[in-house]
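# Tertiary structure, described
Now for the letters of each chain:
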Amino acid sequence: MEIVFSLVSSAVTKVFQLSGLSRNGMSTKTMEEKALDVYDVIRSIRDPEKPNTLEELEVVTEKCVELQELSEDEYLIIIKFSPTVPHCSLATLIGLCLQVKLQRCLPFKHKLEIYILEGTHSTEEDINKQINDKERIAAAMENPNLREIVEQCVAETDD
């Protein structure tokens, strides 16, 4: 009986994969579309030092966005960005901009994790802790100077 169940289970899994559906019925394409929606939100964030966007500097790419379904209407968004140089002093600020813009702009319920892509920064572990600490984010946004910089970076431009 266990063998039959195993065979049926793997057959059902294969049917779901071929149909583009997950076991819970959500279309894989929908997940890909949501990931692209997330990317569309972050790609236009301006670099704090340069006149370019994070997309133009290849700090973020479509591949840096991962989406996982937590429940029927909630998602885990994982962003792994690459600072322009391994000693980038503004990596924490870029992470803060990503946090702020996504919290403001996404129309669906989500949890957010933002990381520096492994091997792309000399202090990535420390920065990863900072940019995922809700209390530090709140404290940073209370600082008027930091808040102004973040607002300039996340503001939509009329290109």
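So, here is what we can say about the structure in this document. (Residues numbered from 1 in each chain as written. Predicted model: local features only at pLDDT ≥ 70, side-chain atom pairs only at ≥ 80, totals over all residues. Heavy atoms only, no water.)

Scanning the protein for helices and strands turns up six helices and three strands. Starting at the N terminus and walking to the C terminus, you meet the elements of the protein as α-α-β-β-α-β-α-α-α. By the burial criterion, 36% of the 159 residues in the protein qualify as buried. Once local pairs closer than 6 in sequence are excluded, the contacts in the protein between residues at least 24 apart make up 58%. Summed over its atoms, the accessible surface of the protein is roughly 10000 Å², and 52% of this surface lies on carbon and sulfur atoms. (Helix = DSSP H or I, 4+ residues; strand = E, 2+ residues; numbered from the N terminus. Buried < 20%, exposed > 50% of the residue type's maximum accessible area, 1.4 Å probe, protein only. Contact = heavy atoms within 4.5 Å. Areas by Shrake-Rupley, 256 points an atom, 1.4 Å probe, with all protein chains shown as cover.)

Turning our attention to the pairing of strand S1 (residues 65–71). As paired strands, S1 and strand S2 (residues 74–81) are joined by six bridges and run antiparallel to one another. Residue Val 65 lies in a different strand from S2, and its bridge partner there is Ile 79. (Pairing = 2+ DSSP bridges.)

All right, on to the packing of helix H3 (residues 91–105) against helix H6 (residues 144–154) then. The packing of two helices is summarised by the inter-axis angle and the distance between the axes. Taken N-terminus to C-terminus, the directions of H3 and H6 make an angle of 65°; their axes are 10 Å apart at the nearest point. It follows that H3 is roughly perpendicular to H6 by the angle criterion. Helix-helix and strand crossings are classified by hand; for H3 and H6 the assignment is right-handed. Counting all contacts with H3, which are made through Leu 93, Leu 96, Cys 97, Val 100, Lys 101 and Arg 104, the residues of H6 involved are Leu 146, Ile 149, Val 150, Glu 151, Cys 153 and Val 154. Considered class by class, the residues forming the contact of H3 with H6 number nine nonpolar, no polar and three charged. (Axes fitted to C-alpha atoms, helices over the stretch in contact; angles between N-to-C directions. Parallel < 35°, antiparallel > 145°, perpendicular 65-115°, else oblique. Left-handed = near helix turned anticlockwise from the far one by under 90°. Nonpolar A, V, L, I, M, F, W, Y, C, P; charged D, E, K, R; others polar.)

Geometrically, a pair of aromatic rings is defined through the distance of the ring centres and the angle of the planes. Summed over all chains, the structure comprises one aromatic pair. Consider the rings of Tyr 75 and Phe 108, whose centres lie 5.3 Å apart with planes at 80°: the pair is edge-to-face. A residue pair is termed long-range when its members are at least 10 positions apart, and Tyr 75 in strand S2 and Phe 108 in the loop between H3 and strand S3 (109–116) qualify at 33 residues. Here the two residues Tyr 75 and Phe 108 agree in accessibility, since each one is buried. The ring of Phe 108 is capped by Lys 34, whose NZ or CZ atom sits 4.5 Å from the centre of that ring. (Phe/Tyr/Trp six-rings, centres within 6.5 Å; stacked < 30°, edge-to-face > 60°. Lys NZ or Arg CZ within 6 Å of the ring centre and 35° of its normal.)

The next point concerns the nonpolar core. Core analysis: the largest hydrophobic core is formed by 39 residues, its most contacted members being Val 38, Ile 42, Val 60, Ile 79, Phe 81 and Leu 98. At the level of secondary structure, the elements contributing two or more residues to this core comprise helix H2 (28–42), S1, S2, H3, S3, helix H4 (124–131), helix H5 (134–142) and H6. For this core, the element with the most residues is H3, which contributes eight residues. Setting aside its immediate chain neighbours within four residues, Ile 42 contacts Leu 54, Val 60, Cys 64, Val 65, Ile 79, Leu 98 and Leu 102. (Core = buried A, V, L, I, M, F, W, Y, C linked by side-chain atoms within 4.5 Å.)

On to H4. Among the residues of H4, those classed as buried are Glu 124, Ile 127, Asn 128 and Ile 131. Buried residues of H4, seen end-on, are gathered within an arc of 105° and therefore sit on one face of the element. Across H4 from its buried face, at more than 90 degrees, point the exposed residues Glu 125 and Lys 129. (Arc of directions from axis to C-beta.)

Tallying each qualifying case throughout the model produces five salt bridges. Among the ionic pairs, Glu 55 bridges to Arg 43, the shortest N-O distance being 3.3 Å. In this pair, Glu 55 is assigned in the loop between H2 and S1 and Arg 43 in the loop between H2 and S1, connecting sequence segments 12 residues apart. Under the relative-accessibility criterion, Glu 55 is labelled partly exposed at 28%. Accessibility expressed as a relative area gives 32% for Arg 43, which makes it partly exposed. (Salt bridge = Lys/Arg side-chain N within 4 Å of Asp/Glu carboxyl O.)

As far as function goes, none of this settles anything; it's purely spatial.
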